[in-house]
Amino acid sequence: MNFSTDELAQAIEKANEIADHYRLNHLDSDNCERYVDHLRASCQQYLSKVIHLEKLDVAEDSAVRAMCLLMADDSATVCYSEHLDNPWTRFAVCKEIFHLVLDAEEFRNMDLDAHIQEVTSAFLYDDSTPSPPVRAEVLAEVAAMEFLFPFSARTKELAGSDANNKIAIAERYGLPAVLVDRYMSKQYMDVLGGISRLGPK
């Protein structure tokens, strides 16, 4: 999937801005596992927007883990599947909150079925050029992971004794092991490590 370095850098920059706000406002901000409720509070203040959380009653095998709805009163509602375990719930809610942080008119899509289809097909091909709403999915994921498992933390873990124990690392940060493995991979570390705006968070 084709992305510009600027787009990725801007997403990471926003994640670092939110991380700065989080650290200034929450005493337990040095914990490996960052709290989604604290993130929501920080983003409500940062965006001047009320963010509601609601469980979503969908089939257990649904492709939809979570979604973000912009409401008429300018609030937002993050809906997440009731079937997700705690690590996936934390990631899914965090990712949807970062959709709000990175929100732009071009990233919005009202046709959920078409959006899911395009997301699925775009990820199959490295040379695909996805629409803005599909690019927004990746940018929100990158921002969420930079907040929940920063590049500096990934670098530290790769140098530590648990570097090959992705399950232990995932438990430490409260994340799905598959995402920890992906973001600690050489490919992701090389690409994201080469972004000049990647801060020391």
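Residues numbered from 1 in each chain as written. Predicted model: local features only at pLDDT ≥ 70, side-chain atom pairs only at ≥ 80, totals over all residues. Heavy atoms only, no water.

Student: For this particular structure, what's the right way to read the nonpolar core?
Tutor: One recurring pattern in soluble globular proteins: nonpolar side chains tend to sit buried together. Leu39, Phe91, Phe98, Phe147, Phe149 and Leu175 are the most contacted members of the largest nonpolar core, which has 47 residues in total. Elements supplying a minimum of two residues to this core: α1 (5-25), α2 (36-47), β3 (76-81), α3 (86-101), α5 (132-148), α7 (166-173) and α8 (177-183). For this core, the element with the highest residue contribution is α3, accounting for nine residues. Sequence-distant contacts of Leu175, defined by excluding residues within four places in its chain, comprise Pro87, Arg90, Phe91, Met145, Leu148, Phe149, Ala170 and Val180. (Core = buried A, V, L, I, M, F, W, Y, C linked by side-chain atoms within 4.5 Å. Buried < 20%, exposed > 50% of the residue type's maximum accessible area, 1.4 Å probe, protein only. Helix = DSSP H or I, 4+ residues; strand = E, 2+ residues; numbered from the N terminus. Contact = heavy atoms within 4.5 Å.)

Student: Looking at this structure, I do not really get the pairing of β3. What am I missing?
Tutor: Side chains on a regular strand alternate between the two faces of the sheet. Judged by how many residues are buried, β3 sits mostly within the fold: six of six residues are covered. Residues of β3 alternate between two faces, with Ala76, Val78 and Tyr80 on one and Thr77, Cys79 and Ser81 on the opposite face, all of them buried. Note: strand β1 (residues 51-56) against β3, six bridges, orientation parallel. Within β3, the position partnered with His52 by the bridge is Thr77. Where strand β2 (residues 66-70) and β3 come together, five bridges link them in antiparallel fashion. Looking at the pairing, Ala66 lines up with Tyr80 of β3. Between β2 and β3, which pair antiparallel and follow one another directly, the connecting turn spans five residues, one of which, Asp74, has a positive phi of 75°. (Pairing = 2+ DSSP bridges.)

Student: For this particular structure, what's the right way to read the packing of aromatic side chains?
Tutor: Here a ring pair, both rings aromatic, is described through the centre-centre distance and the interplanar angle of the planes. Evaluation of the coordinates by the stated rule reveals five aromatic pairs. Taking 5.2 Å as the distance between ring centres and 85° as the angle between the ring planes, the aromatic pair formed by Tyr22 and Phe147 counts as edge-to-face. Remark: Phe147 occurs in helix α5 and Tyr22 occurs in helix α1; sequence separation between them is 125 residues. A ring pair is formed by Phe149 and Tyr173, whose centres lie 4.5 Å apart and whose planes are at 50°; its orientation type is tilted. Of this pair, Phe149 sits in the loop between α5 and α6 (151-158) while Tyr173 sits in helix α7, and the two are 24 residues apart along the sequence. With a relative accessible area of 5%, Tyr173 lands in the buried category. Linked through ring pairs, Tyr22, Phe98 and Phe147 together constitute an aromatic cluster. Arg34 extends its terminal NZ or CZ atom over the ring of Phe147, reaching a point 5.0 Å from the ring centre. (Phe/Tyr/Trp six-rings, centres within 6.5 Å; stacked < 30°, edge-to-face > 60°. Lys NZ or Arg CZ within 6 Å of the ring centre and 35° of its normal.)

Student: Explanation requested: unusual backbone geometry in the structure shown.
Tutor: Its identity is not glycine, yet Ser48 carries a phi of approximately 55°, on the positive side. Along the polypeptide, Ser48 turns up in the loop between α2 and β1. Residue class for Ser48 comes out exposed when judged on its relative accessible area of 63%. In the Ramachandran plot, Asp74 falls in the positive-phi region, its phi being about 75° despite a non-glycine side chain. You can call Asp74 partly exposed: its relative accessible area is 47%.

Student: Which parts of the structure should I look at to understand α3?
Tutor: With 16 residues, α3 ought to run about 22 Å at 1.5 Å a step, and its terminal C-alpha atoms sit 23 Å apart, in line with that. Counting buried positions along α3 yields 14 of 16 residues, so the element is predominantly enclosed. The backbone nitrogen of Trp88 lies 3.0 Å from a side-chain oxygen of the residue at the head of α3, namely Asp85. (Expected span 1.5 Å × (residues − 1). Polar contact = N/O pair within 3.5 Å; in protein donor to acceptor, adjacent residues only side chain to side chain.)

Student: So what exactly am I meant to see when it comes to the pattern of salt bridges here?
Tutor: When their charged atoms lie close together, side chains carrying opposite charge are able to pair. In this structure the tally under the stated criterion is eleven salt bridges. Notably, a salt bridge pairs Asp74 with Lys49, separated by 3.1 Å at the nearest N-O pair. A residue pair is termed long-range when its members are at least 10 positions apart, and Asp74 in the loop between β2 and β3 and Lys49 in the loop between α2 and β1 qualify at 25 residues. Ionic pairing is found between Arg172 and Glu157, a salt bridge with its closest N-O pair at 2.8 Å. A residue pair is termed long-range when its members are at least 10 positions apart, and Arg172 in helix α7 and Glu157 in helix α6 qualify at 15 residues. One network of salt bridges, in which partners are shared, links Glu157, Asp162 and Arg172. (Salt bridge = Lys/Arg side-chain N within 4 Å of Asp/Glu carboxyl O.)

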